[in-house]
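# Chain and residue survey
Next come the chains, spelled out residue by residue.
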Amino acid sequence: MHGRPRNASKPEEEAASAAKAVQLRSLQSQFMTNHHDKIYTNEAIELSTKLLEINPEAYTAWNYRKLAVEDRLARIEPDPNLVSAILDEELRVVESALRQNFKSYGAWHHRKWVLSKGHSSVGNELRLLEKFQKLDSRNFHAWNYRRFVVELTNRSEQDELQYTDDMINNNFSNYSAWHNRSVLLSSLLAQNADGFMPNIKIPEEYDFVHSAIFTEPDDQSGWFYHLWLLDQTLNVETPLLTSSWPSHGSSIILSGAGCLSGSSSMFTTFCSESGSFPLILYFDQAVGGVSSSTVTIDSELKGNEGLVWEPIPNKNSQVSCVWVARLKYVSSDPCEYKVKIRVGNSPGIVSSRGYNFNAPYEFVFTAHVHDTVEDSQEGIVSWTDGFDIWDAKSKDLNSLVTLDRLNAEMDFKWRQEAIDSEVECFGILPDSKIGKLTLARLLMAREAMVSDDAVKGVHYEEILQLYNDLMALDSSHYQYYKDEHSKAFLHKVTSSSESLSRHLLRYRDMNNLVCLRLNNLSLSRIASVEKLLFVQMLDLSHNELHSTEGLEAMQLLSCLNLSHNRIRSFSALDSLRHVKQLKVLDVSHNHIGKHSVDTTRYLCSSPLSNSELGQDDVGKQNPGLVTKYWDAYCVLRDLNLKQLDIAGNEIAGEEFSSFVLQVVPKLVWLDGQKKLGN
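Worth saying up front: this structure is predicted, and the values here are computed from it rather than measured. Along each chain, residue indices are assigned from 1 in the same order as the chain's sequence is written. It should be noted that, the model being predicted, local features are given only for residues of pLDDT at least 70 and side-chain atom pairs only at 80 or more, the latter also being counted only at that level, while totals for whole chains, interfaces and linings use all residues. With hydrogens and water excluded, all non-hydrogen atoms of the structure serve as input to the side-chain values.

## Remarks on the overall build of the protein chain
How we decide: Each helix corresponds to a stretch of at least 4 residues labelled H or I by DSSP, and each strand to a stretch of at least 2 residues labelled E; elements are numbered beginning at the N terminus. Each residue is assigned to one of three classes by its accessible area relative to the maximum for its type, calculated with a 1.4 Å probe on protein chains only: buried under 20%, partly exposed between the two thresholds, exposed over 50%. Residue contacts are counted whenever heavy atoms from the two residues lie within 4.5 Å of one another. Accessible surface is estimated by sampling points in the Shrake-Rupley manner with a 1.4 Å probe; for residues, cover comes only from the protein chains shown.
A count of helical and extended segments in the protein chain gives 22 helices and 19 strands. Among the 678 residues that make up the protein chain, the fraction classed as buried is 50%. Excluding contacts between residues fewer than 6 apart, the proportion of contacts in the protein chain whose partners are at least 24 apart in sequence is 68%. Carbon and sulfur atoms make up 48% of the accessible area of the protein chain, which totals about 32,400 Å².

Here it is in structure tokens:
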């Protein structure tokens, strides 16, 4: 572990191990009898001592000793000397066990338990730790125990930080010391302790870690700490509103289900059978407390008092980056309404880390409510015909999405200076895998902080090339580099209105829906969705995607093309269950049905673990098919699809097609064929 080779056992060591096993079995049999019969005599306790000397990992023996101590303490007079003798013996047994196995979880936990009784000198514990840490300075058990002991003392965090200085300077490869340093600094920075202001201390820490990285560039410990520092540089403690839909100053057209005559390309047209449209708030970190009291709405649209905000995706958690409310309207009552949204004027929005949202934001948009003048058409949606090219010179995009609000509202001066200094520093480091990866991360961080349009996006080509180099150099981590390359590319696409407009179209056959084409780009991950909330039609075909994670934020999405990707199961489409507007889905020519489903990762572990599964008409009529196609059933039953393409997958066939038509009763088109009766 950590680069230390394992040596093969010698014959004499194997013989000793076999003899030890025989003795262990004999002791364990006698010990278990004592344990079950609750025998806490001196002889029985001594037997557990011998067992732990041979096998410090005998966790039951440690629990037995706790019970024995409690029993003995209950039987004696409250004599401090007797109590001290009993607990001293426990500490002696623990120390003996740790000499046998310094990494014994049970031994370290037992020692904590003894100290929780108020026994032992903390100074003695620290001296014992220093003795142990000289034997193995990187042992994380000892470091964890050290933090526990220090909490019982008046020893300052600054003194402990100095201790990590000494340990690191003695051995740059001491990963546990670096980790402890990050724990201590996190606390001191959060307290704004004297001399620990982030804009001063973090740049100093960069200088400190450089000594390790440039002295031993092949050791990972310093690099991991550098990554932690980068996170501290980028992360803003207080949550911020990154984007919203509708965006400030935008205009939208609302109608009932169907098509509108002469729908303008200047506006986003939203047609809804339910007579409501989503309001979307996207924060830079998970927050809770989004409600009608913390987000106020000023509008003449009726029936929207006490609006309910829901986290997306709703995993029985009340914190999320994405919050959605549905504003009602009446399509038979054409009119123009101004809608004003105020976010955070009242306290209550709090991050999952406990920080308050204190950057109130207000945005205003115009809603044009139209009556539907044409009947709803059930024609098939084409991904090749009926599109108009987006005019890159038009100002339409500015009314659809607000970019870089985060950058405009925050002072990133010291953060930018720190990142710029690191980029300059690592630009001269000799080529290495970890060096290239760190430089790519630093350049991504620099791009995240750029607000000047003149220099925005200038580093993306270098970032993409760095990840290409890494994919060629380090095949064992190819997929990670591939995912990071995909995320960098999507950040590049969404970095400006000009670059984004190159991928945008209007689908004139459906109210000029806004279509984003990201096909044939070898994408393996989805990113930057906070800048794509306005997209209604998304073409991700001919990529290398394995899941739809992230798309749940795109609540306007009505048409999605995922054909010719690497999706292995319907469970990988779980996020789409939260996209209530989705009507058209193409997952043809993927790998669905070719591989067994990894049931540990998705919405339910097995058909039998969910009590609601199969309780509807489809489940009652076809329990065998529900069990066979349970992942498809779990996803498709929550969708309101009218068009679905599944051809070219292993799962496709008459039986599955028949099952799909039962699960999705409103489906009109399946694999290009119109459902009978429509």
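## Here we look at the environment of Ile86
Along the chain, Ile86 falls in helix α4 (residues 80–100). Accessibility expressed as a relative area gives 8% for Ile86, which makes it buried. With 14 residues separating them along the chain, Ile86 and Arg72 place their C-alpha atoms 8.3 Å apart. Not counting residues up to four positions away in its chain, the partners in contact with Ile86 are Val69, Arg72, Leu73 and Ile76.

## Things to note about the pattern of salt bridges
What counts is decided by this rule: Just to be clear on terms, a salt bridge is a Lys or Arg side-chain nitrogen sitting within 4 Å of an Asp or Glu carboxyl oxygen.
Scanning the model with the defined rule gives 25 salt bridges in all. Glu125 serves as the salt-bridge partner of Arg111, at 2.8 Å between the closest nitrogen and oxygen. Within this pair, whereas Arg111 is found in helix α5 (residues 105–116), its partner Glu125 is found in helix α6 (residues 122–135), the two being separated by 14 residues in sequence. In this structure, the salt-bridge partner of Glu160 is Arg155, at a minimum N-O distance of 2.4 Å. Judged by relative accessible area, which is 33%, Arg155 ranks as partly exposed. Put simply, Asp165, Arg181, Lys201, Glu204 and Glu205 are held in one network by salt bridges that share partners.

## Description of helix α11 (residues 220–234)
Test applied: How far a helix is expected to stretch is found by multiplying one less than its residue total by 1.5 Å. Residues adjacent in sequence count toward polar contacts only when both atoms are side-chain atoms; beyond that, a polar contact is any pair of N or O atoms within 3.5 Å, and within protein one must be able to donate a hydrogen and the other to accept it.
Its 15 residues place the ends of α11 21 Å apart at the C-alpha level, agreeing with the 21 Å of an ideal helix rising 1.5 Å per residue. For α11, the set of buried residues is Ser221, Gly222, Trp223, Tyr225, His226, Trp228, Leu229, Leu230 and Thr233. The N-cap residue of α11 is Asp219: its side-chain oxygen and the backbone nitrogen of Ser221 are 3.0 Å apart.

## Here we look at the sheet that holds strand β5 (residues 295–298)
Stated precisely, the cut-off is as follows: Strands pair, by our definition, only if DSSP identifies at least two bridges between them. Inter-axis angles, ranging from 0 to 180 degrees, are taken between N-to-C directions of lines fitted to C-alpha atoms, where helices are fitted over the stretch in contact.
Strand order in the open sheet formed by five strands is β3-β2-β10-β8-β5, with mixed pairing between adjacent strands. Two strands lie at the open edges of the sheet, namely β3 (268–271) and β5, each paired on one side alone. The mean inter-strand angle of the sheet, taken between neighbouring strand axes irrespective of direction, is 25°. In this structure, β5 lies alongside strand β8 (residues 335–343), joined through four bridges in antiparallel fashion. When the bridges of β8 are listed, Ile297 appears paired with Ile341.

## Let's talk about the pairing of β8
As paired strands, β8 and strand β10 (residues 361–369) are joined by nine bridges and run antiparallel to one another. Looking at the pairing, Ile341 lines up with Phe363 of β10.

## As for the packing of aromatic side chains
The condition that has to hold: Put simply, two rings from Phe, Tyr or Trp (the six-membered ring, in Trp's case) pair if the centres are within 6.5 Å, and we call them stacked under 30 degrees between planes, edge-to-face over 60, tilted for the rest.
Enumeration according to the criterion identifies 25 aromatic pairs in this entry. Considering the side-chain rings of Phe31 and Tyr64, the 5.2 Å spacing of their centres and the 85° angle between planes classify their relative orientation as edge-to-face. With Phe31 in helix α1 (residues 11–36) and Tyr64 in helix α3 (residues 59–75), the pair connects residues that are 33 residues apart, well separated along the chain. This pair shows no difference in class: Phe31 is buried, exactly as Tyr64 is.

## Overview of helix α15 (residues 433–449)
When the terminal C-alpha atoms of α15 are compared, their 25 Å separation across 17 residues agrees well with the 24 Å that a helix rising 1.5 Å per residue should span. Counting buried positions along α15 gives twelve out of 17 residues, so the element sits mostly inside the fold. Turning to α15, its buried residues number three or more, namely Gly435, Lys436, Leu437, Thr438, Leu439, Ala440, Leu442, Leu443, Ala445, Arg446, Glu447 and Met449.

## A look at the confidence of the model for the protein chain
Rules: Confidence scores labelled pLDDT are given residue by residue by the predictor and lie between 0 and 100.
When pLDDT is averaged along the protein chain, the result is 85, and 86% of the positions lie at 70 or above. When the criterion is pLDDT under 50, residues 403–409 qualifies, and its contacts beyond four places in sequence or with other chains add up to 21 contacts. Across residues 600–611, confidence stays below pLDDT 50; counting only partners more than four residues off in sequence or on other chains, it has 18 contacts.

## Looking at the side chain of Thr366
Position of Thr366 among the secondary structure elements: in strand β10. A distance of 2.9 Å separates the side chain of Thr366 from the side chain of Lys338, its partner in a polar contact. Those residues within four positions of Thr366 in sequence are excluded, and the remaining contacts are Ser250, Ser251, Ile252, Glu336, Tyr337 and Lys338.

## Observations concerning empty space enclosed by the protein
Threshold: Grid points spaced at 1 Å and placed over the protein atoms alone form the basis of the search, with a cavity being a set where a 1.4 Å probe fits but cannot get out and a pocket an open set showing protein on both sides within 12 Å along at least five of seven lines. Lining residues have an atom within 4 Å of a point. Grid points are joined across faces, edges and corners, and a volume is the space filled by probe spheres set on the points. Under the grouping applied here, Gly and all other residues not named as nonpolar or charged are polar, the nonpolar ones being Ala, Val, Leu, Ile, Met, Phe, Trp, Tyr, Cys and Pro and the charged ones Asp, Glu, Lys and Arg.
Within the structure shown, the criterion is met by four cavities of 30 Å³ or more. Of the volumes computed, that of the largest cavity is approximately 50 Å³. Residue lining of the largest cavity: Leu490, Leu518, Ile526, Ala527, Val529, Leu532, Leu538, Leu540, Leu551 and Met554, and that is the complete set. Across the lining of the largest cavity, the residue classes tally to ten nonpolar, no polar and no charged.

## Looking at unusual backbone geometry
Residue Pro246 is bonded to the preceding Trp245 through a cis peptide linkage, with omega at -5°. With respect to the element layout, Pro246 can be found in the loop between β1 (241–245) and β2 (251–255). Along the chain, Ile312 connects to Pro313 via a cis peptide bond; the corresponding omega equals -10°. The residue Pro313 is located in the loop between β6 (310–312) and β7 (320–328) in this model. Of note, Ser528 is a non-glycine position whose phi angle comes to about 60°, a positive value. Here Ser528 is to be found in the loop between β13 (513–517) and β14 (537–539). The class of Ser528 is buried, set by a relative accessible area of 5%.

## With respect to the sheet that holds strand β11 (residues 387–389)
A sheet is described by the order of its strands in space; here nine strands give the open sequence β11-β12-β13-β14-β15-β16-β17-β18-β19, paired in mixed fashion. Across the chains shown, the open sheet's two edge strands, defined by having one partner strand only, are β11 and β19 (673–674). The sheet contact formed by strand β12 (residues 504–507) and β13 spans four bridges and is antiparallel. From the neighbouring strand, Leu505 faces β13, where its bridge partner is Cys515.

## Brief notes about the side chain of Asn561
When you line up the elements, Asn561 lands in strand β15 (residues 559–561). Classification of Asn561 by relative accessible area gives buried; the value is 4%. Engagement of the side chain of Asn561 in a polar contact is seen with the side chain of Asp539, the distance being 3.4 Å. The residues contacting Asn561, other than those within four sequence positions of it, are Trp383, Leu538, Asp539, Leu540, Ser541 and Asp586.

## Re the packing of helix α8 (residues 157–170) against helix α9 (residues 175–190)
For clarity, the cut-off: An angle counts as roughly parallel when it lies under 35 degrees, as roughly antiparallel when it exceeds 145, as roughly perpendicular when it falls between 65 and 115, and as oblique in every other case. Left-handed describes a crossing whose near helix is turned anticlockwise from the far helix by less than a right angle; the clockwise case is right-handed.
Orientation of α8 relative to α9, taken along the N-to-C sense of each, is 155°, at an axis distance of 9 Å. Taken together, the axis directions place α8 and α9 in an arrangement best described as roughly antiparallel. Here α8 runs over α9; the crossing is left-handed. For the pair formed by α8 and α9, the contact residues are Glu157, Gln158, Glu160, Leu161, Thr164, Asp165, Met167 and Ile168 on the first element and Ala177, Trp178, Asn180, Arg181, Leu184, Leu185, Ser187 and Leu188 on the second.

## Brief notes about the packing of helix α16 (residues 460–473) against helix α17 (residues 478–493)
Viewed as axis vectors pointing N to C, α16 and α17 meet at an angle of 165°, and their least axial separation amounts to 9 Å. One way to sum up the angle between α16 and α17 is to call them roughly antiparallel. The hand of the α16/α17 crossing is left-handed. Two secondary-structure elements touch here, α16 through Tyr460, Glu461, Ile463, Leu464, Tyr467, Asn468, Leu470 and Met471 and α17 through Tyr478, Tyr481, Lys482, Glu484, His485, Ala488, Phe489, His491 and Lys492. Its residues placed into classes, the contact of α16 with α17 shows ten nonpolar, three polar and four charged.

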